[in-house]
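Listed below are the residues making up each chain.
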Amino acid sequence: MSATRPLKIGITCYPSVGGSGILASELGGELAARGHEIHFISYERPFRMPVSERVFFHPVIVNGYDLFKYPDYTLPLSVKMAEVSQAHALDVLHVHYAVPHATAAFLACSMLPAESRPKVITTLHGTDTTLLGRDPGYGPAIRHALEHSDAITTVSEFMRRETVRLLGVNRPVEVIHNFFEPQPASRSRAEVRAELGLAEGEAMLLHLSNLRPLKRIDLLLEAVARLARGPRAKLVILAGADFSPFAADVARLGLNENVIVRERVTDIENYLGAADLGLFTSETESFCLSILELMSVGCPSVAFAVGGIPEVVRDGKEGRIVPFGQVDAMVAAAESIITDPARRSALGAAAKTRACEHFSAAAIVPKYEALYRRVCGE
Ligand code: GMT
């Protein structure tokens, strides 16, 4: 067997807009481009699933039987994983986000004869450890599935520490940071800014997230309300979920003219390229892929120094990170960047360099390939 034979890799992730699904989809695309055969297994085609003759999608069908109060996804997923593993002789099943994917992979392997079992790699992305890992209704099942994975990875050193601390995992946990490769923008910066109604000289702040409570949209809006008293700036939110629950807060803070929302945007590079500064207020974040997305096009961010964010952005070098909850410090940091174009450019250039050197496909994908080959004993 050649040391460089293409591998057959199953990938299971959430297909919706979320960091783990985006990362898993991008990884599948990069692996396919490197000659591997990729089989996505999920309830829907992942949001950013790549198009390639080496990429396949296997839907999991969930039947809504009346006898169940809560529909079950884990069992049909595990059956599909077993079926695809056997039919396509998968080498590796790489699951992103432990719940329920790692447990389903464990079940799938239990259903298969030894010679058809793929190696299982579980990548922990965030709340699968930091939230569900603490939940007595989930923790033991997550730990059990991790103990039966052939390898465990986390997307930051912070997540590795939390995994060991919260789940008591006694096995090696490898840190493989997230990566991002921007597609070329299809519209110019000027076109996008015109679409958004931004005036000449007005700064564009950009926030991208799924708006879940831990993203602290309340603090984000508070920061923009304070910023609105200063230099001319608008906040654009690329929302991966329905923004309407926040509309009343926007109105109450008098921000109707300062906040522009776009939901389920697919051409994010167009908006990344039009932005002057990223703004992030999460109370926890294992990595924050959105900050990296901005860095990859040379845009700095201001964020709270929580979780894995300090591994991505170094304060004063590629952006600013301030203690959690200090909205005034965040506003001062943002103002000092948007009013100083030379500083903004320097931070942006440093951000792009760091993204390329540490968090690009070229830097990260070979680490996953090496891991696959190692667990396969090659
Ligand atoms: O844990 C979550 O919140 C879900 C997860 C997701 O699927 O979007 O987000 C996490 O994974 C991303 C990709 O690895 C990271 O960039 C995010 O920081 C992380 N979110 C949290 O830790 C809150």
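Residues numbered from 1 in each chain as written. Predicted model: local features only at pLDDT ≥ 70, side-chain atom pairs only at ≥ 80, totals over all residues. Heavy atoms only, no water.

Within the structure shown, the criterion is met by 27 salt bridges. D276 is the salt-bridge partner of R189, the closest N and O atoms lying 2.7 Å from each other. You can see R189 sitting in helix α7 (residues 189–195) and its partner D276 sitting in the loop between α10 (268–274) and β11 (277–280), a full 87 residues away along the chain. A single network of salt bridges, built from pairs that share partners, joins R5, D91, R373 and E378. (Salt bridge = Lys/Arg side-chain N within 4 Å of Asp/Glu carboxyl O. Helix = DSSP H or I, 4+ residues; strand = E, 2+ residues; numbered from the N terminus.)

Around the ligand, 17 residues are found, and the nearest of them are G19, S20, H125, T127 and R212. The contact in question runs from an oxygen atom of the ligand to an N or O atom on the backbone of G19, over 2.5 Å. C288 places a polar main-chain atom, nitrogen or oxygen, 3.0 Å from an oxygen atom of the ligand. Burial of the ligand by the surrounding chains reaches 94%, relative to a free accessible area of 480 Å². Counting atoms within 2 Å of the grid points, the majority share of the ligand lands in the largest pocket. Across the shell around the ligand, the residue classes tally to 6 nonpolar, 9 polar and 2 charged. Each of domain 1 (8–179 + 360–375) and domain 2 (189–358) accounts for three or more of the residues forming the shell around the ligand. (Near = heavy atom within 4 Å. Polar contact = N/O pair within 3.5 Å; in protein donor to acceptor, adjacent residues only side chain to side chain. Areas by Shrake-Rupley, 256 points an atom, 1.4 Å probe, with all protein chains shown as cover. 1 Å grid on protein atoms, 1.4 Å probe; cavity = no way out; pocket = protein on both sides within 12 Å on 5 of 7 lines; lining within 4 Å. Sits in = over half its atoms within 2 Å of the grid points. Nonpolar A, V, L, I, M, F, W, Y, C, P; charged D, E, K, R; others polar. Domains from an automatic or database assignment.)

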